[in-house]
Amino acid sequence: MPNLQLLNDCNKVTEHLFFGYSNKRVLTQHNNINSFADWEGLKTLITSTPPSMLKDIRKYSKDLILKAKGANKAHLRELKQQHLKYIYPSGGTATGSHKQDFKLNGCIQIDIDFKNKGGDVKAKEVKQQISFLDYVLVSAISPSGFGVKAIVLTDNTCKESYSEARKQVTENIASFLNLPTGVFDNIGFNTPSYIPYDTTAIFNDCAEPFAVKIATPQSNVITATGSHLSDNSTTVGTLHPLLYNRALESAFESANKGQSRIPLIREFVGTSIAYGLPIEQVENYIYSQLSTEERHVKIIADL
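Residues numbered from 1 in each chain as written. Predicted model: local features only at pLDDT ≥ 70, side-chain atom pairs only at ≥ 80, totals over all residues. Heavy atoms only, no water.

Caption draft 1: A look at the nonpolar core. If you look at the biggest cluster of nonpolar residues, it comprises 30 residues, and the most contacted ones within it are Ile110, Ile112 and Ile173. Sorting the residues of this core by element identifies strand 3 (86-88), strand 6 (107-113), helix 5 (119-130), strand 7 (136-141), strand 8 (147-153) and helix 6 (162-177) as the ones contributing at least two each. Ranked by residues supplied to this core, first place goes to helix 6 with six residues. The contacts of isoleucine 110, once residues within four sequence positions are left out, are Val148, Lys149, Ala150, Val152, Val169, Thr170, Ile173 and Phe184. (Core = buried A, V, L, I, M, F, W, Y, C linked by side-chain atoms within 4.5 Å. Buried < 20%, exposed > 50% of the residue type's maximum accessible area, 1.4 Å probe, protein only. Helix = DSSP H or I, 4+ residues; strand = E, 2+ residues; numbered from the N terminus. Contact = heavy atoms within 4.5 Å.)

Caption draft 2: The arrangement of the side chain of glutamine 168 in detail. Checked against the element boundaries, glutamine 168 lands in helix 6. Among the residues examined, glutamine 168 registers a relative accessible area of 13% and is labelled buried. A distance of 2.6 Å separates a polar atom in the side chain of glutamine 168 from the backbone oxygen of lysine 213. In this view, glutamine 168 contacts Phe210, Ala211, Val212 and Lys213; residues no more than four positions away in its chain are not counted. (Polar contact = N/O pair within 3.5 Å; in protein donor to acceptor, adjacent residues only side chain to side chain.)

Caption draft 3: Focus on the pattern of salt bridges. Here the structure, examined in full by the defined rule, presents six salt bridges. Lysine 127 is the partner of aspartate 198 in a salt bridge, and the nearest nitrogen-oxygen pair spans 3.0 Å. Within this pair, whereas aspartate 198 is found in the loop between strand 9 (193-194) and strand 10 (202-203), its partner lysine 127 is found in helix 5, the two being separated by 71 residues in sequence. Lysine 127 shares its class with aspartate 198; the two are buried. Ionic pairing is found between lysine 167 and glutamate 171, a salt bridge with its closest N-O pair at 3.0 Å. Taken together, the positions of lysine 167 and glutamate 171, both in helix 6 and four residues apart, correspond to about one turn of that helix. What makes glutamate 171 partly exposed here is its relative accessible area of 39%. Via salt bridges that share partners, Glu40, Lys43 and Asp205 belong to a single interconnected network. (Salt bridge = Lys/Arg side-chain N within 4 Å of Asp/Glu carboxyl O.)

Caption draft 4: Main features of the environment of lysine 55. Relative to the helices and strands, lysine 55 is located in helix 3 (residues 54-65). With a relative accessible area of 70%, lysine 55 lands in the exposed category.

Caption draft 5: Seen up close, the environment of valine 212. Within the element layout of this structure, valine 212 appears in the loop between strand 10 and strand 11 (220-225). The class of valine 212 is buried, set by a relative accessible area of 14%. Excluding residues within four positions of it along the chain, valine 212 makes contact with Thr154, Asp155, Asn156, Ala165 and Gln168.

Caption draft 6: Here's a closer look at helix 3. With twelve residues, helix 3 extends 16 Å from end C-alpha to end C-alpha; this agrees with the ideal 16 Å at 1.5 Å per step. Taken residue by residue, helix 3 has Leu54, Ile57, Ser61, Asp63 and Ile65 as its buried positions. Of the surrounding elements, those touching the buried residues of helix 3 are helix 4 (73-83). One or two steps after helix 3, the chain reaches lysine 67, where phi turns positive at roughly 55°. (Expected span 1.5 Å × (residues − 1).)

Caption draft 7: Examining the pairing of strand 7 more closely. Of all the six residues making up strand 7, six are buried; the element is thus mostly covered by neighbouring parts of the structure. In this structure, strand 7 lies alongside strand 8, joined through five bridges in antiparallel fashion. Paired with alanine 140 across the bridge in strand 8 is lysine 149. Counting the residues between successive antiparallel strands, the hairpin from strand 7 to strand 8 contains five residues, one of them, glycine 145, with a positive phi of roughly 85°. One ladder, built from two bridges, connects strand 7 with strand 10; its direction is antiparallel. (Pairing = 2+ DSSP bridges.)

Shown next, in the form of structure tokens:
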């Protein structure tokens with residue numbers, strides 16, 4: 001008899017997961033998500049009946065790796081685009097794959113390629129080995145037959161921390177498998193992934209999230225001075241050098257809602273603090289947005 005408590009705990013881990021999905025077969029620069037799959041739906045997609053052309057895709061992949069006469073990389077790419085559907089392992093958005101609207105589900109996709117003779121055998125070994133890691137949700141053979149596609153569960157749902165999360169996960173897996181990090185693809189959170197069509201894919205319903213370690217940076221206090229902001233220097237808060245250009249843009253967009261330029265600057269500084277922005281970036285960004293007449297407004301570090 002199954003352990004009902006264990007099954008219930010596992011459901012709590014996977015019940016919130018969602019994955020962008022498109023039933024279109026042509027992969028372009030403007031990919032659209034026209035559906036979402038939950039955890040069970042994802043398992044169905046990954047193990048679904050392979051398209052008839054998968055055999056040809058694997059043959060062409062092998063020819064390329066072995067540098068067979070007549071092997072054509074462009075032709076292989078075209079075959080994949082025309083015959084393979086795709087998913088977004090890290091989440092999705094109803095408006096496509098645009099970064100600004102993309103919602104993370106806490107998952108990171110891992111692609112490991114073995115582009116050499118015997119790579120297909122190595123991929124089968126790694127598929128089994130990587131499944132022993134308790135944070136790996138899925139391990140499957142990639143459509144080429146010479147790689148592994150895995151989906152990892154983490155505790156990170158912040159886009160600004162995704163790259164660091166992926167780096168930590170990659171290094172942990174590489175160490176466990178005794179592999180160089182160079183065999184891992186560098187994949188963004190809104191990068192689509194071809195469905196592997198692996199009927200023997202390995203799933204972990206009870207995966208435990210990988211704990212991402214984000215360092216807490218030292219904080220700096222800034223002061224805003226200038227007749228337009230305040231008659232006297234006024235401490236406006238603490239900035240953390242953690243987030244980057246997207247946070248700057250978001251803060252500026254939040255502040256720029258029909259206000260005049262000077263209140264906008266004040267509001268931008270306040271909003272920036274909430275985003276934890278580094279002093280140098282705040283100052284540079286403000287100066288890039290101001291007119292020549294307004295550039296006498298200073299933001300200086302009080303170190």
